[in-house]
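Residue strings, one per chain:
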Amino acid sequence: MLEDLDQIHRSALAEATSIPDETALEEFRVRYLGKKGSLTAAAARMKDLAPADRPLFGQKLNEVRAAITAALEDRSSALMAAKDAQAAQGIDPTLPARPLHRGSLHPLSQVLDRAVDTLRRMGFALAEGPEVETEWHCFDALNTPPDHPARKESDTYYFPNGKLLRTHTSSVQIRTMESASSVPVRIIAPGTAFRRDEIDETHSISFTQLEGLYVDRDVSLADLKGTLEAFFQVIFGAGTEIRFRPHFFPFTEPSFEIDVKLRTVGRAERWVEIAGCGLVDPAVFAAVTKCRKDDLFHPDLVTGFAFGMGVDRLAMIQYGIPDLRLFNENDVRFLRQFV
Amino acid sequence: MKVSLSWLSDHLDLSRKSVPEMAALLTAAGIEVEGIQSAPENVVVARIESSQRHPDADKLSVCEVNDGGPELRQIVCGAKNYEVGDHVPLALPGAKIGDMVIKIGKLRGVDSQGMLCSARELGLSEDASGLMILSRDLAPGTPFDEVCPPVFDLEVTPNRPDLLSHLGLARELAALTGLRLRRPATFTATEPGRAAKTSEVTIQDEDTCPYYSARIIRKVKVRPSPAWLQEKLQAIGLRPINNVVDITNFILMEMGQPLHAFDLARLKGGIRVRRATAGEEFPALDGQTYRLTDQDCVIADSKSALALAGVMGGEPSGVTAATTDILLEAAYFDPSQIRRTSHRHGIHTDSSYRFERGVDPAQVTAASQAAVHLILELAGGKVEAGPVWAGELPSSDVTVSLDNAYCRRLIGYPIAPAEITRILKALGLRKEGAKWRIPSYRLDLRRPVDLVEEVARVHGLERIPARVAAPFVPPSRADQEYDFRRILRSRLSHLGFQECQTIKLISEAQLAHDVATQHRNLAPLRVKNPMTEPHTFLRPGLVPSLLRIAEHNVRMGTTDLRLFEIGTVFAASPKGQAIELQHLGLVATGRLEPASWRAPKPELIDFASLRGLLEQLCPGCAVDLLPIDDPRLLVAAEIKIGESKVGLAGLLHPATARCLDLLHPVLVAELAIKKVMGVLETKSVFAPLPRFPAITRDVAIEAASNLPCQAVTDFFRSCGEPLLESFQLFDLFVDPSGTKLAADRKSLAWTLTYRSSNETLATAQVDEAHRRLLDRLKSALPVTFR
């Protein structure tokens, strides 16, 4: 009987080292240790032994079971290790990717978002107004003379009811002051403006503008200068030279154009016009006051500054884009360049 | 406006100012320098001493020229328009002409030591017809920048008509630099005139012409102007005509007052300033005949219109070589009337440009007088005593007060009162008690704020300290909406979508591609004055433009496209008012992922993928696509997020897609942002995590193939089975051959997940719940179980 155990022990250990895979391993386990396995069968015969022989047999049986179990575990570990090693095979990290579609935000959005973020940090809130606008909001209230060329049908899109497509976002200044319940008013208004123009590399019939307005008891040129210098230093980099050049707009007095000095690789340093600004003309406050029928924006009580810039122009300068039409063509090979 | 530096130097000493300094000075004053025309360096005047044909080239000549040096220079030249003895510009070796640097070299084997130049080569005019022939008075060797001093092209803002002349500009520069003006800032007439008799001048249109004056000069000799005058005009791009016309142009550019000279012999009776009759024909100096309206003002004699007031003279009454007696007009015209006439007929002249901005009323008569002096000097003749005039010049008696505190409040910095006074006095304002008297030419100074502008401008913003201080401003509704759109944009770009921005005006044909649902029964908005057909309607939706972009990109070779745009769409209310809404448009076509070695042939995007993208866009919300009939799409479904219908998704009709060269299925969607925002703005609320295990059961439901899956989904959602936690479709089986399943049937296989929040479910409990559910399903829908 004990020889049987020895026999089982020997053959199991001999067999275990050459078990090829997990299936054979399980089959091996069943064959020796399973309910009908040979070791189990041998164990069953213990009752046939004389009681005196049983302890020795039992001891031997346990030894053999432990040895087979250990061999089984060793083999299992070896097989697992071999399999793990195999899993690494064929993985070549230098193979190209299985890529995903890559999306992007429009360059105008990216430039605008950055400008909006910067101005919000400086305490401006967003405002908006309709794109189909009244002549009053777009021109009259902004102190534009009745026969100003911008009002002509050759320059501005009109509708049969006399409304128009706003030619600038400055109309939002009026909309905001009309409905404001208190001062200060400190807003920015990004939006589309329309001009009846031939489309070419520097002209379009519509473009994105960013308007700003700050009205309070004593807003001055010093505030205008400080705010816009700080803003353009963020947009174009600290240390960028900025100059305010006297100009003329009907709705601001005094008025300035803002130039920044650009240093681009391969080009001579140059001043580039980037925005218009000025102190809100008292005539604009007077128009708002007349319409509101109260004194919140009375020209004697408040002052303010306003500014406006072309987002398209900012983007062209920042990315070196030569042709305005690329923005509306939306060729994805173009769009993907701006991450 | 072109301004010659040498002409300006007649009025003040600019010899110490370099061209860049001048440009900086003008820029700082608010006068934009659009261009500077100046002769290249190393160009001198040369006299052609001899000219012979090139031995080896018929079209070339070999000239010997005197450049003022001891020896003659040999130059090979291609022009033919010169004679020996002519003075011409010579570019010496080292001169830069255009992009070319002149060198000593050989031309077809013959030595050439420089280049003789045309006006165009020197960047002075478009005249490339031959060498620029110069006055023989110029000594050979004279540097060319003395012959052609720099000319500035200036953009003067519309509020400053007083700068539209050399004198006006000199006056401004004197104020800014402290240089002394050589002549007084304003001319006033010294010779009294007399009121015209009605037989001489009558003004019938006082709105347009408040004031008209005429001088008569007889027995003038009309001939070419002397060289100095011709050169002055040529330098700023004007063509010399004859001495009389040139003098009127000179006074215009010198003083800013347009004048006009009529041939007196062509006048029948006195001058009548009247409205044109509707349809009246006017043969203008430019050779064209204009049909006038009764809104136009003309200068007429007793018979016909001689000039379109303030805009252009007439052809028949112009001064010619045959003219002996002239009538010189000096008038004041109303700016807006002249602007309207000028724009109505599209005639823009140096005269109309100045009248429509406003001329200096105090200078009208002085300009006339200055012109008469010059005419007598250059054309001889005899002037009839005193000008005759009709009407009245507008008053230029204006005073404005400026309070130092107001100035300080607007500038935000105390500029010393002495400095304010210095600035305003330099600009020609005079202090009268507490007020400032405004010079007649400063039409833009009417209010205290206008004086603040002058102080700020001249003092310079760079000298005013910047202040950075801001009050707290709470975020607005617009902020929230902007942020929400930004979240959507960010999600979409991470889902592989390209953001597009398109022009909001589209063509009539594109309207057919619109799939917006919210306002589909409203008319689109058409602009009254479209410029081109492609931009006629305000877009009612975003899909039409996105399809155009898809078409463009496919044509350019990009066939996997995921495009979106967020922006305003428009419709007309029944009363014709514009409605503006924010929309999101999506267009997707092509493969689900880019082809690669791992996935050489990825599947094309389909409805289920679009739905997946929409679910990613609205995380945490139930997104349903409810089929509807929509003739615009092959398959269409309303998009329902939560309880709200937010837009339309669909498969573009292949016929439409083919028209746009889109060969793969094209999925489109259009959503109203406000509605999406309404759903997504609801706050997330914490739910306790399940503590007990779930048990699943699978079921295959057989149904007619036209039963929408939504019917089953809706049943599961509303069945009220408390233990049912979730349900997932894991297989859809159809068999068109009818072998395994009837051809008009389909099998939907679902995994149903059961869970209790209170206990671990026993198998029997789940079986019971599952059976209950299926029984109810069977009675609710025409389905069987497989």
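The coordinates are above.
All values reported here derive from a predicted model rather than from experimental measurement. (Residues numbered from 1 in each chain as written. Chains lettered and ligands numbered in written order. Predicted model: local features only at pLDDT ≥ 70, side-chain atom pairs only at ≥ 80, totals over all residues. Heavy atoms only, no water.)

*Asks:* So what about empty space enclosed by the protein? Which residues, and what values?
*Replies:* Using the criterion set out here, one finds 4 cavities of 30 Å³ or more in the structure. Roughly 150 Å³ of volume is contained in the largest cavity. Every residue lining the largest cavity is counted, 14 residues in all, and those nearest its centre are P161, D162, M255, G256 and D360 of chain B. Across the lining of the largest cavity, the residue classes tally to 5 nonpolar, 5 polar and 4 charged. Lining the lining of the largest cavity are residues from two domains, each supplying at least three of them: domain 1 (2–38 + 153–177) and domain 3 (194–391) of chain B. Elements that contribute at least two residues to the lining of the second largest cavity include exactly β6 (242–249) of chain A together with α12 (448–459) of chain B. Split into classes, the residues belonging to the lining of the second largest cavity amount to 6 nonpolar, 4 polar and 6 charged. (1 Å grid on protein atoms, 1.4 Å probe; cavity = no way out; pocket = protein on both sides within 12 Å on 5 of 7 lines; lining within 4 Å. Points joined across faces, edges and corners; volume = space filled by probe spheres on them. Nonpolar A, V, L, I, M, F, W, Y, C, P; charged D, E, K, R; others polar. Domains from an automatic or database assignment. Helix = DSSP H or I, 4+ residues; strand = E, 2+ residues; numbered from the N terminus.)

*Asks:* Mind laying out the environment of E356 of chain B, listing which residues take part and the relevant values?
*Replies:* Residue and element names in this part refer to chain B. Within the secondary structure, E356 sits in helix α8 (residues 350–357). Judged by relative accessible area, which is 7%, E356 ranks as buried. A C-alpha to C-alpha distance of 58 Å links E356 and L614, two positions 258 residues apart in sequence. Residues within four places of E356 in sequence aside, it is in contact with P335, I338, R339, S342 and H343. (Buried < 20%, exposed > 50% of the residue type's maximum accessible area, 1.4 Å probe, protein only. Contact = heavy atoms within 4.5 Å.)

*Asks:* Describe the packing of helix α10 (residues 404–411) of chain B against α12 of chain B, with residues and values.
*Replies:* Residue and element names in this part refer to chain B. Direction vectors running N to C along α10 and α12 enclose 60°, while the axes themselves pass 10 Å from each other. The hand of the α10/α12 crossing is right-handed. Mapping the contact onto sequence places Y406, C407, L410 and I411 in α10 and P448, V449, V452, V455 and A456 in α12. Looking at the contact of α10 with α12 residue by residue, the classes come out as 9 nonpolar, no polar and no charged. (Axes fitted to C-alpha atoms, helices over the stretch in contact; angles between N-to-C directions. Left-handed = near helix turned anticlockwise from the far one by under 90°.)

*Asks:* A description of the packing of aromatic side chains should follow, citing residues and the corresponding values.
*Replies:* Residues and elements named next belong to chain A. Under the definition given, this model contains 18 aromatic pairs over all chains. Relative to F232, the ring of F231 has its centre 4.9 Å away and its plane inclined at 70°; by these criteria the two rings are edge-to-face. Neither residue differs from the other here; F231 and F232 are each classed as buried. A network of ring pairs unites the aromatic residues F124, Y214, F305 and F307 as a single cluster. (Phe/Tyr/Trp six-rings, centres within 6.5 Å; stacked < 30°, edge-to-face > 60°.)

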